[in-house]
Amino acid sequence: MQKIYQQEIPEGSAIVWLFASKRLREQIARVARQVKGERAEIQVKSAYKTLLCEVRERGLLDSEKQVTIYYPVVDGDEPLRFRLECYPLDSLYPDCDIQYQAEPQTAEKGVYYRLVFADGREEKIFTPVKWRDKANGQRELCASAWVAYSDGHLEAIRSPYEDIYNEACNYLQNLPLTVCQQGLGSLVFDIELEGEDESLGIGHESLCLAEALHEDLYFSALEIFQHRLGLSSGDRTLKPGQILPVVRYGQQNSLRIREGQWAEVEAISDCGIRLDLSNIDRPLSFAQIQAEFNALNGECFNANSQQGRPLFGAGFNTHLARGLALSSGQHANESSGVVGGLRAAQQLLKEGVLAFTYRPLGNPDGYAAFLKLCEISPRQMHHAARYTASGCDLAYGDVPERVFADAARNKLPQALVHLNLHGYPAHEWTRPLSGYVPRNFSRWTIPKGFFLIMRYQPAYKAMAEEVLQAAIAAVMGYPEQVAMNKEMLSRYLGTVGSADFPIANDVVPYSITEYPNQDYPIELITEAPDETVQGDWFRIAQESHYRVVVAVAKWLGEATPSEKITIK
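Residues numbered from 1 in each chain as written. Predicted model: local features only at pLDDT ≥ 70, side-chain atom pairs only at ≥ 80, totals over all residues. Heavy atoms only, no water.

**Quick look at the layout of surface pockets**
Rule in force here: The distinction between a cavity and a pocket rests on a 1 Å grid over the protein atoms alone: a 1.4 Å probe fits inside a cavity but cannot get out, while a pocket stays open yet meets protein on both sides within 12 Å along at least five of seven lines, and a residue with an atom within 4 Å of a point counts as lining. Grid points are joined across faces, edges and corners, and a volume is the space filled by probe spheres set on the points. The secondary structure listing takes helices from DSSP runs of H or I that are at least 4 residues long and strands from runs of E that are at least 2 residues long, numbered from the N terminus. By the convention adopted, Pro, Cys, Tyr, Trp, Phe, Met, Ile, Leu, Val and Ala count as nonpolar, Lys, Arg, Asp and Glu as charged, and the other residues, Gly among them, as polar.
Counted as a void, the largest pocket has a volume near 950 Å³. Lining the largest pocket are 43 residues, and of these Arg236, Gln330, Tyr396, Arg455 and Ile525 sit closest to its centre. Among the elements of the structure, strand S19 (323-328), helix H11 (400-411), strand S21 (415-425), strand S22 (451-456), strand S24 (508-514) and strand S25 (522-531) are those that each provide at least two residues to the lining of the largest pocket. The class makeup of the residues in the lining of the largest pocket is 15 nonpolar, 15 polar and 13 charged. Residue lining of the second largest pocket: 26 residues in total, with Gln7, Leu18, Leu24, Ile28 and Glu194 positioned closest to the centre. Among the elements of the structure, helix H1 (22-36), helix H5 (160-173) and strand S12 (186-194) are those that each provide at least two residues to the lining of the second largest pocket. For the lining of the second largest pocket, the per-class residue count stands at 15 nonpolar, 7 polar and 4 charged.

Okay, structure coming up:
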């Protein structure tokens, strides 16, 4: 059953803040004036990224050379939250020197930004937020629709955007606890929103309310289940099933909840057509992946996923002493690594110096959902396709995909290094109805270029550092990626102010951490900003994955003395 939601404008409204695009807000204002009379003055502003929208729509910085933005900091909220909401203001106004200053506030009646200009003028901008006790057990400062009445009174009001989110969360909250424990199988929230995206003209940045709702609802669903089952926030062993918020733009605001598998399981056959993978600039189909993998002709090991799709991997030159493991597609919406990994496997096989295993697509159920979601919205992140069909991360859950990963390790016990190809959002990631900054993922809210994550078991620190240096050199040797990293880091630092991670040569962000219980002695995770891109950005991402794998393989092949690469 489909439920439709209407936006009501309270009598006596002077200003309302709604979750709507600029065009839609202008339309709502026109209709309101027609209903209330031509003399009625009503403004409809954005409840999402309010400061950014107001600056753009009113041209507040168009001719300014300097401004200090005093952003609110509220006790109990993420300290940088309202500074992050300004992103990417610095890039939109490169000729204006924008300084940020924190200003403690309460949030009893929303919060305010203060813009102080070089000549002493001051502009105060109300931002509509409200504390809410959520079904995930958290108290969060959430963006909300608000109204300012003609008499000056302010209050939060309902909106279709929030009503859809709340109804979906209530559905999950009211499910029998046994369903939470056993998993849903597959659950789809079919959502239609009035409006459209607004491109910001900076990289892949846009004001996308559909994506924000998809992200907020999906991760809220996981958090509700975690809370009900007594698990910690962010617990990746949770198996709620496949929960898919499918959010489209249309002519109305509506929600339909239905159970049943969304992406059908289809027989996958080798398409028989080989590709020049170096030029691939978008995610591959199942048939294309199968064709390229089959052509490698390795010692195959196979299994089936939770929904019955094939899991395929292979070992190569397994008699050799020196080995590595290569994998991609653990998180299925991170698709550039699949292409980079296939290319790297071809090159490693051609060189014939190392033993290696390769799993091109660790999460085919998620990938099927990802491809189908991309048919609707090819530029969104689609995190609902991130995990397996059981709803857990395959690295943490007792699921077929995890058993298959263990099979790869058993196939090549001499593998010293695991190259694990990943990705992250290529544009800002927000959760406006849950405190704005994605909980447990705050590092990834703004893109910062091709990022390297090094993890090692205690006895392998020195080797891990050498592997990391080889990977950094590979990125530094690729001019297009260097240029992208510099641009993204500039935008990131312009808003955040400073980095909580090291940056090699002021270009390559990375981290290095001891992980005693990981599967391989050394694991290098490559993180490309690829959610979700096509064209040159995708080509650059998959090329960087490829170059890093080849560089690390070269280091391993040339490492001396021989005991240096012996597993301890």
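Here the narrative resumes.
**Some words on the sheet that holds S19**
In plain terms, the rule: DSSP bridges decide pairing: two strands pair if at least two such bridges lie between them.
The strand order S17-S18-S20-S19-S21-S25-S22-S24-S23 describes an open sheet built from 9 strands, whose pairing is mixed. Edge positions in the sheet fall to strand S17 (299-304) and strand S23 (503-504), since each has one partner strand and no second. Two elements, S17 and strand S18 (residues 310-316), share 6 bridges in a ladder whose sense is antiparallel. Bridging across to S18, Glu299 finds its partner in Gly315.

**What to know about the packing of helix H13 (residues 479-496) against helix H14 (residues 536-558)**
Note the threshold: Throughout, an axis means a line fitted to C-alpha atoms (over the contacting stretch in the case of helices), and angles, computed between N-to-C directions, take values from 0 to 180 degrees. An angle below 35 degrees is treated as roughly parallel, one above 145 as roughly antiparallel, one from 65 to 115 as roughly perpendicular, and anything else as oblique. Handedness of a crossing follows from how the near helix is turned relative to the far one, being left-handed for an anticlockwise turn of less than a right angle and right-handed for a clockwise one. Here, two residues are considered to be in contact whenever any of their heavy atoms come within 4.5 Å of each other.
Packing of H13 against H14 leaves a shortest axis separation of 10 Å and a crossing angle of 110 degrees. Regarding the angle of H13 to H14, the classification is roughly perpendicular. Considering how the two elements wind past one another, H13 and H14 form a crossing that is left-handed. Across the interface between the two elements, Glu480, Gln481, Met484, Met488 and Arg491 from H13 touch Trp537, Arg539, Ile540, Ala541 and Ser544 from H14.

**Overview of the side chain of Thr357**
We count it as follows: Only protein chains enter the accessibility calculation, which uses a 1.4 Å probe; a residue is then buried when its area is under 20% of its type maximum, exposed when over 50%, and partly exposed in between.
Along the chain, Thr357 turns up in strand S20 (residues 355-359). Overall, the relative accessible area of 2% leaves Thr357 in the buried class. Excluding residues that lie within four positions of it along the chain, Thr357 makes contacts with Ala314, Gly315, Leu324, Ala325, Leu326, Ala408, Lys411 and Leu412.

**Some thoughts on the environment of Ser390**
Following the sequence through the fold, Ser390 ends up in the loop between helix H10 (364-376) and H11. Here Ser390 falls in the buried class, since its relative accessible area comes to 8%. Through-space distance from the C-alpha of Ser390 to that of Val111 is 40 Å; in sequence the pair is 279 residues apart. The residues contacting Ser390, other than those within four sequence positions of it, are Lys239, Pro240, Gly241, Gln306 and Val399.

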